[in-house]
Amino acid sequence: MDLILFGPPGAGKGTQAQRLLEAYRAPQISTGDILRQAVKDGTPLGQRARPIMESGQLVPDALVIDIVQERLRQPDCAGGFVLDGFPRTVAQAQALDRMLASLGRHLDRVLSLEVPLEVLVKRLTGRRSCPTCGRVYHLTEAPPRAPGACDACGTALVQRPDDAEEVVRERQATYRRQTEPVKAYYAAQGLLREVDGTGTPDQVFGRIRAALDKKTA
Ligand code: AMP
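It should be emphasised that the depicted structure is a prediction, and the values quoted were computed from it without experimental measurement.

Enquirer: It is not clear to me how the environment of Leu111 should be interpreted in this structure. Could you clarify?
Expert: Here Leu111 lies in strand E4 (residues 109-114). Along the backbone, Leu111 and Ala101 are 10 residues apart, and their C-alpha atoms lie at a distance of 20 Å.

Enquirer: Help me out: how do you make sense of the packing of aromatic side chains in this one?
Expert: When we look at a pair of aromatic rings, we describe it by the centre distance and by the angle of the planes. Under the criterion given, the structure shown has two aromatic pairs. Look at Tyr185 and Tyr186: their rings are 5.2 Å apart centre to centre, the planes differ by 80°, and that puts the pair in the edge-to-face class. Taken as a pair, Tyr185 and Tyr186 share a single burial class, namely buried.

Enquirer: Would you mind going over the pattern of salt bridges with me for this structure?
Expert: Oppositely charged side chains can pair when the atoms bearing their charge come close. Summed over all chains, the structure comprises 18 salt bridges. Its salt-bridge partner being Arg19, residue Asp202 comes within 2.4 Å of it at the nearest N-O pair. One end of the pair, Asp202, is in helix H9 (residues 201-216); the other, Arg19, is in helix H1 (residues 13-24), with 183 residues separating them in the sequence. Owing to a relative accessible area of 54%, Asp202 belongs among the exposed residues under this scheme. With a relative accessible area of 25%, Arg19 lands in the partly exposed category.

Enquirer: When you look at the site of the ligand in this model, what are you seeing that I'm missing?
Expert: Neighbouring the ligand are 16 residues; Thr31, Arg36, Gln57, Gly85 and Gln92 lie closest to it. Between the ligand and Arg160 there is a distance of 3.3 Å, counted from an oxygen atom to a side-chain nitrogen or oxygen. At 3.3 Å, a side-chain N or O of Arg171 approaches an oxygen atom of the ligand. If the ligand stood free it would expose 480 Å²; the protein chains cover 96% of that surface. It is helix H2 (residues 31-41) that provides the largest number of residues to the shell around the ligand, a total of four residues. Partitioned by chemical class, the residues of the shell around the ligand number six nonpolar, five polar and five charged.

Enquirer: Sorry, what's going on with unusual backbone geometry here?
Expert: Glycine aside, negative phi is the norm for most residues, and most peptide bonds take the trans geometry. A cis amide bond links Phe86 to the next residue, Pro87, at an omega of 0°. Mapped onto the elements of the fold, Pro87 is located in the loop between strand E3 (81-84) and helix H5 (90-102). Of note, Arg25 is a non-glycine position whose phi angle comes to about 60°, a positive value. In this fold, Arg25 is placed in the loop between H1 and strand E2 (28-30). On the accessibility criterion, Arg25 (70% relative accessible area) is exposed.

Enquirer: Help me understand the pairing of E3 in this model?
Expert: Two faces belong to every sheet, and in a regular strand the side chains alternate between them. Burial of E3 is two-sided: the residues Phe81 and Leu83 facing one way and the residues Val82 and Asp84 facing the other way are all buried. Where strand E1 (residues 2-6) and E3 come together, four bridges link them in parallel fashion. When the sheet's bridge partners are listed, Ile4 is paired in E3 with Leu83. The pairing of E2 with E3 spans three bridges and is classified as parallel.

Cut-offs and rules
Residues numbered from 1 in each chain as written. Predicted model: local features only at pLDDT ≥ 70, side-chain atom pairs only at ≥ 80, totals over all residues. Heavy atoms only, no water. Helix = DSSP H or I, 4+ residues; strand = E, 2+ residues; numbered from the N terminus. Phe/Tyr/Trp six-rings, centres within 6.5 Å; stacked < 30°, edge-to-face > 60°. Buried < 20%, exposed > 50% of the residue type's maximum accessible area, 1.4 Å probe, protein only. Salt bridge = Lys/Arg side-chain N within 4 Å of Asp/Glu carboxyl O. Near = heavy atom within 4 Å. Polar contact = N/O pair within 3.5 Å; in protein donor to acceptor, adjacent residues only side chain to side chain. Areas by Shrake-Rupley, 256 points an atom, 1.4 Å probe, with all protein chains shown as cover. Nonpolar A, V, L, I, M, F, W, Y, C, P; charged D, E, K, R; others polar. Pairing = 2+ DSSP bridges.

Okay, here's the thing in structure tokens:
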């Protein structure tokens, strides 16, 4: 199954991609995670991407297209993949179509997670994570047992620099301006399904399964 999880920052794409990985064994390809790792490693890509990411803007198309092109060729993607955070522009969507065609494959579905703006802002500004083990918390929705410390390893939790409120609002504006038009691109191909992204991760995953099952029914 070749799938895109689409939606604004904070819609829950990463969380749901993890569940799809468990249920369908399709690896998650998150351009955001790959870029954050490059920033952490201080690679030339990371050095270029860092200030752009911290301002809530998009990294140039050519850079992320290269990342995805390389990742799709890895053997673990042979049976399917879940793209999370890519494509974010119509140019990226067109490049993806070309890449898949050259590999003799095509997208099966584009699932768009729909969440109201104020819920997105609350989700992102309250998000904290453990820099050691990667576990993710939320100040009010999923707080750690001891304030500010990871339940699993006790490390002090951190906030992603781009989860500060000002940057979150800029990321949402960037989404409306540059990424939302990608929905129409996939709707025109008959691939788009909108899924209500509010509620618990379990509720959302139930809706995702229903949307995918409808396809095969
Ligand atoms: P994310 O974790 O998906 O919200 O991505 C974090 C940041 O990485 C974004 O705000 C962008 O600066 C950058 N980024 C991730 N994916 C893309 C993409 N497909 N195109 C351009 N920039 C991206």
